[in-house]
Amino acid sequence: MDVYVQAIQLLIAGLTTGSIYAIVAVGFNVIFKSTDSINFAQGEWVMTGGMIAATAYATAIIPVWLSCSIAVVAVSLIGGVSERLVIHPLKKPSPMLITLLSIGIAICTKSLVMLILGKTPMGYPAFSGDQPVMLGGASITPQSFWVLGLAFAFMLMTQFFFERTLLGKTMRAAAADRDAAALVGINVKRSVMWAFMLAALAGGVAGVIITPITLTSYDNGTILGFKGFSAAVLGGLGSLHGAFLAGLFLGIAESLTGGLLSSHFKDAVSFVLLLLVLFLRPQGIFGKAEISKV
Amino acid sequence: MSEGSSGRYDVRILFGLWLVFLLFPWVAPNGYIVGLGVMFCINLILVASLNLIMGYCGQISLCHGGFFGLGAYVSGVLSSKYGIPGLIDIFCAMALTAFSALLVALPTLRLRGHYLAMATLGFNAILSVLFVELVGLTGGPNGLSGVNPIHIFGLPFGTDRWFFYLAWMVSLLVMWGILNLVRSRVGRAITSLADSEIGAASLGINTYGLKVMVFVLSASLAALAGSLYVHYTQFASPETFNFFASVLLVMMVAVGGWGKYWGPLFGALVFTVIPELLQSFHDLQLLIFGVGMIAVLMFVPGGIAGMLERLWRRRIRMKAGGGIAAPEVGND
């Protein structure tokens, strides 16, 4: 195959998976900002989104877009309910405790999906058919463009939400300083619940748009969560733009390693990058230096 | 924080418990149950080592499953591929793991917050990829087989019963060592980190050096557990050491009672026994496990050890105070 054609092919593939990592990374960031904890359920929400959409499509003959929308709503409700049941009742919600509890939420989500929706990998048709589009000699599946477009739209909407809406602003205030936010009448606990819903929504969106390409099954949430987490750290925890760029970067790096070097070590790339960034530039590639060194 | 008024009895309790535990192979109805005893000892070393860094220094390591695996694989590969005798391969496994832990710890422990957790998370993922992909050395997804049993002074520790004594002794030494470490001058400095790192630093404690030291120690103990494991089962499979294993270990520290000396005992007990009990539930197993974890974390903040400690104190108070203490107890 022509080198240029291969390069384009790998680049688009990288951008496609990369935008999924980017969305997942936003989910991590939202919860990290509001609770200072790492949310291990994030990857499971991606998987759950894909599974619910696939089941809805398979059981009731409804259009793909409708089953995807149902899945996204369902996953964000799952996020909200998880927070209500597990995080909300805590008397002393330390970051460590929330982190540990999110592992519990992840385990329960995974096993519930397995019990209710089954163990077989599932998928559904792409949003606009499977006829590949030729681009500079490379053939690209149309779903890639959907993923790229929707990921970009999601980023814009998140940006708009945090910058312009009242709810977004109160969530930022609560994340910046809990006590001060509470003092001006912001319900901090409620904003944590919104953060969980929003993070789960991000997971659901990522899940429903990637499933036509990769298929999904109950046990592939963890690895997606990892990659998204690496992207979040790479971009600087807490930075939305950083997460977006780092996600894309990670996807491309992975796809290039897989295509040009060896597919065996593809999965290790993001983690090697994660370690390098933590060692050399812990505030993330795009983050501002606000870490206190001891 | 970990040292209650009963602290000075801990040595006696430890040796007493282990003396009783020595009878286990006689009481156990079959070799399988003896094997569970062996796994309990190995898990205890593992959970206790994680409790050192997590409970006493307040730093989460998400790579303890990986260090356990690194110990197992180094030991196993040296034994099966190069025929290196047991004690030497265990030493090599611990040294190599300690070195890699040092490499991870030196840059990340300079930072405050989740950075050790993040770096160890990445490191575990890399180790998992290596265990699977270095097929020539590790056997890849099929696992590493043909590990030789340990011979020490000509004694073959091949059978369940013999191996139980070995694991029994090593776990006792580790628990005793940890007790001595925690009670020493250095140990008091370590425990002060969990309460307030800034406070400890202001008293002239080199918090950074201390954290690195404890982390390296804890990783090499995990490797010790891994070496024992691989010599016992004579087999290693990459799934045993993946990230999920690390996460479960963190949970076990929390469930047992983090920062409590006796916490790992309960954590290891849960870790060894509950999966066996849940086996008949098949697919429900994971869900029951997850719900159980959440319940313990939500409603028993100090873990099992913390709960028992509270009950114990209450009992002592009731005994000492007699009628006066009774209404007070009734109130809480």
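Residues numbered from 1 in each chain as written. Chains lettered and ligands numbered in written order. Predicted model: local features only at pLDDT ≥ 70, side-chain atom pairs only at ≥ 80, totals over all residues. Heavy atoms only, no water.

Chemist: How would you explain the overall build of chain B if you had to name every residue and give the values?
Modeler: In terms of helices and strands, chain B carries 16 helices and four strands. Computed over C-alpha atoms, the radius of gyration of chain B comes to 20 Å, within 12% of the 20 Å expected from 2.2 N^0.38 for 332 residues, which places it in the range of a compact globule. Taken along the three principal axes of its C-alpha coordinates, chain B extends 70 × 50 × 45 Å. For chain B, buried positions account for 54% of its 332 residues. Sequence-distant contacts, at least 24 apart, represent 78% of the contacts inside chain B between residues at least 6 apart. (Helix = DSSP H or I, 4+ residues; strand = E, 2+ residues; numbered from the N terminus. Rg over C-alpha atoms; globule rule 2.2 N^0.38 Å. Buried < 20%, exposed > 50% of the residue type's maximum accessible area, 1.4 Å probe, protein only. Contact = heavy atoms within 4.5 Å.)

Chemist: Give a description of unusual backbone geometry that names residues and reports values.
Modeler: Residues apart from glycine generally show negative phi values, whereas peptide bonds are mostly found in trans. Its identity as a non-glycine residue notwithstanding, Asp36 of chain A has a phi of 65°, on the positive side. With respect to the secondary-structure elements, Asp36 of chain A resides in the loop between helix H1 (3–35) and helix H2 (42–59).

Chemist: Could you give an account of the interface of chain A and chain B, naming the residues involved and the relevant values?
Modeler: Between chain A and chain B, the residue contacts involve 46 residues of the former and 40 residues of the latter. Of the roughly 3,800 Å² buried between chain A and chain B, counting both surfaces, carbon and sulfur atoms make up 84%. Our count for the contact surface shared by chain A and chain B stands at zero salt bridges. Inspection of the region where chain A meets chain B yields one residue pair in polar contact (both at pLDDT 80 or more). Sorting the residues of the side of chain A that touches chain B by element identifies helix H3 (64–87), helix H4 (95–117), helix H9 (221–235) and helix H11 (266–280) of chain A as the ones contributing at least two each. Examining the composition of the side of chain A that touches chain B, we find that 16 residues originate from one element, H4 of chain A, more than from any other. Looking at the side of chain A that touches chain B, its residues break down into 34 nonpolar, seven polar and five charged. (Buried area = accessible area lost by both parts, 1.4 Å probe. Salt bridge = Lys/Arg side-chain N within 4 Å of Asp/Glu carboxyl O. Polar contact = N/O pair within 3.5 Å; in protein donor to acceptor, adjacent residues only side chain to side chain. Nonpolar A, V, L, I, M, F, W, Y, C, P; charged D, E, K, R; others polar.)

Chemist: Which residues make up a nonpolar patch on the surface, and what values do they have?
Modeler: A grouping of Leu112, Leu115 and Ile116 of chain A together with Phe281, Leu284 and Ile288 of chain B is seen on the molecular surface, where their side chains present a nonpolar patch of about 510 Å² in accessible area. The set of elements that each furnish at least two residues to the nonpolar patch consists of H4 of chain A together with helix H14 (284–299) of chain B. The greatest single-element share of the nonpolar patch, amounting to three residues, is contributed by H4 of chain A. If you trace the backbone, Ile288 of chain B turns up in helix H14. (Patch = residues over 30% accessible without salt bridge, like charges linked within 9 Å, V, L, I, M, F, W, Y side chains within 5 Å. Areas by Shrake-Rupley, 256 points an atom, 1.4 Å probe, with all protein chains shown as cover.)

Chemist: Please provide a residue-by-residue account of the environment of Asp195 of chain B, values included.
Modeler: Structurally, Asp195 of chain B can be placed in helix H9 (residues 185–195). Residues Asp195 of chain B and Cys57 of chain B, spaced 138 residues apart in sequence, show a C-alpha to C-alpha distance of 8.5 Å.

Chemist: Describe empty space enclosed by the protein, with residues and values.
Modeler: Evaluation of the coordinates by the stated rule reveals three cavities of 30 Å³ or more. One number sums up the size of the second largest cavity: a volume of about 40 Å³. In terms of lining residues, the second largest cavity is bounded by Ile38, Phe40, Thr99, Leu100 and Ile103 of chain A together with Ile60, Leu62, Ala117 and Val250 of chain B. Looking at the lining of the second largest cavity element by element, the count peaks at three residues for H4 of chain A. Grouping the amino acids of the lining of the second largest cavity by side-chain chemistry returns eight nonpolar, one polar and no charged. (1 Å grid on protein atoms, 1.4 Å probe; cavity = no way out; pocket = protein on both sides within 12 Å on 5 of 7 lines; lining within 4 Å. Points joined across faces, edges and corners; volume = space filled by probe spheres on them.)

Chemist: Let's hear about the environment of Ser67 of chain A: which residues, and what values?
Modeler: Residues and elements named next belong to chain A. Checked against the element boundaries, Ser67 lands in helix H3. Considered as a pair, Ser67 and Tyr218 are 151 residues apart in the sequence and their alpha carbons are 18 Å apart. Discounting chain neighbours no more than four positions away, the residues touching Ser67 are Ala53, Ala56, Tyr57 and Ile62.

Chemist: With reference to specific residues and values, describe the packing of aromatic side chains.
Modeler: Tallied over the entire structure, the rule returns 25 aromatic pairs over all chains. With a centroid separation of 5.7 Å and 90° between ring planes, the pair formed by Phe226 of chain A and Phe271 of chain A is classed as edge-to-face. Of this pair, Phe226 of chain A sits in helix H9 while Phe271 of chain A is found in helix H11, placing the two residues 45 residues apart along the sequence. Residue class for Phe271 of chain A comes out buried when judged on its relative accessible area of 2%. One aromatic cluster in this structure is built from Trp18, Phe21, Phe24, Phe40, Phe164 and Tyr165 of chain B. Above the face of the Tyr208 of chain B ring, Arg110 of chain B is positioned so that its terminal group lies 4.3 Å from the ring centre. The ring of Trp26 of chain B carries the charged tip of Arg161 of chain B above its face, separated from the ring centre by 5.4 Å. (Phe/Tyr/Trp six-rings, centres within 6.5 Å; stacked < 30°, edge-to-face > 60°. Lys NZ or Arg CZ within 6 Å of the ring centre and 35° of its normal.)

Chemist: A description of the environment of Gln159 of chain A should follow, citing residues and the corresponding values.
Modeler: Secondary-structure assignment places Gln159 of chain A in helix H5 (residues 142–164). It is 8.8 Å that separates the C-alpha atoms of Gln159 of chain A and His241 of chain A, two residues lying 82 residues apart in sequence.

Chemist: How would you sum up the nonpolar core? Please name residues and give values.
Modeler: Grouped together as the largest cluster of nonpolar side chains are 198 residues, with contacts concentrated most on Ile23 and Leu101 of chain A together with Leu62 and Phe163 of chain B. Element by element, the count of residues in this core is highest for helix H3 (residues 31–56) of chain B, at 16 residues. The residues touching Phe163 of chain B, leaving out its near neighbours within four places in the chain, are Val38, Ile150, Phe157, Leu228, His231 and Tyr232 of chain B. (Core = buried A, V, L, I, M, F, W, Y, C linked by side-chain atoms within 4.5 Å.)

Chemist: Give me the lowdown on a positive patch on the surface, citing residues and values where you can.
Modeler: All names here are of chain A. A surface patch of positive charge is lined by Arg84, Arg178, Lys189 and Arg190. Along the chain, the position of Arg190 falls in helix H8 (residues 188–214). Assessed through its relative accessible area of 45%, Arg190 is described here as partly exposed. (Lys, Arg positive; Asp, Glu negative; His and termini not counted. Charge placed at Lys NZ, Arg CZ, Asp CG, Glu CD.)

Chemist: Residues and numbers for the side chain of Ser102 of chain A, please.
Modeler: Residues and elements named next belong to chain A. Among the secondary structure elements, Ser102 is positioned in helix H4. The class for Ser102 is buried, based on a relative accessible area of 1%. Those residues in contact with Ser102, other than ones at most four positions away along the chain, are Ile38, Asn39, Phe40 and Ala41.

Chemist: Just give me the short version of H1 of chain A, but keep the residues and values in it.
Modeler: The terminal C-alpha atoms of H1 of chain A lie 47 Å apart, and with 33 residues this matches the ideal 48 Å at 1.5 Å per residue to within 8%. At the C-terminal side of H1 of chain A, Asp36 of chain A shows a positive phi close to 65°. (Expected span 1.5 Å × (residues − 1).)

Chemist: Provide a residue-level description of the packing of H5 of chain A against H8 of chain A, including the pertinent values.
Modeler: Residues and elements named next belong to chain A. Contact geometry of H5 with H8 gives a least axis separation of 9 Å together with a crossing angle of 170°. Between H5 and H8, the angle is such that the two are roughly antiparallel. Contact residues: Gln143, Ser144, Val147, Leu150, Phe154, Phe161 and Phe162 in H5; Leu198, Leu201, Ala202, Val205, Ile209, Pro212 and Ile213 in H8. A class-by-class count of the residues in the contact of H5 with H8 yields 12 nonpolar, two polar and no charged. (Axes fitted to C-alpha atoms, helices over the stretch in contact; angles between N-to-C directions. Parallel < 35°, antiparallel > 145°, perpendicular 65-115°, else oblique.)

Chemist: Tell me about the confidence of the model for chain B, and please be specific about residues and values.
Modeler: All names here are of chain B. Averaged over chain B, the pLDDT score is 84; the fraction of residues at 70 or greater is 93%. Taken together, the stretch residues 1–6 has pLDDT below 50 and engages in 13 contacts with residues farther than four places along the chain or on a different chain. Both scores are given for the predicted complex: the pTM is 0.84, the ipTM 0.83. (pLDDT = per-residue confidence, 0-100.)

Chemist: Requested: an account of the confidence of the model for chain A, with residues and values cited.
Modeler: Note: predicted coordinates in regions of low pLDDT should not be interpreted at a detailed level. Here chain A averages 86 in pLDDT, while 97% of its residues score no lower than 70. Within chain A, the element-level pLDDT minimum falls on strand S1 (residues 133–135) of chain A, averaging 80, and the maximum on H3 of chain A, averaging 93.

Chemist: Describe the packing of helix H4 (residues 64–82) of chain B against helix H6 (residues 115–133) of chain B, naming the residues involved and giving the relevant values.
Modeler: Residues and elements named next belong to chain B. At a closest axis distance of 9 Å, the pairing of H4 and H6 adopts a crossing angle of 35°. The hand of the H4/H6 crossing is left-handed. Contact residues: H4 offers Gly65, Gly66, Phe67, Gly69, Leu70 and Tyr73, while H6 offers Phe123, Asn124, Leu127 and Phe131. The class makeup of the residues in the contact of H4 with H6 is six nonpolar, four polar and no charged. (Left-handed = near helix turned anticlockwise from the far one by under 90°.)

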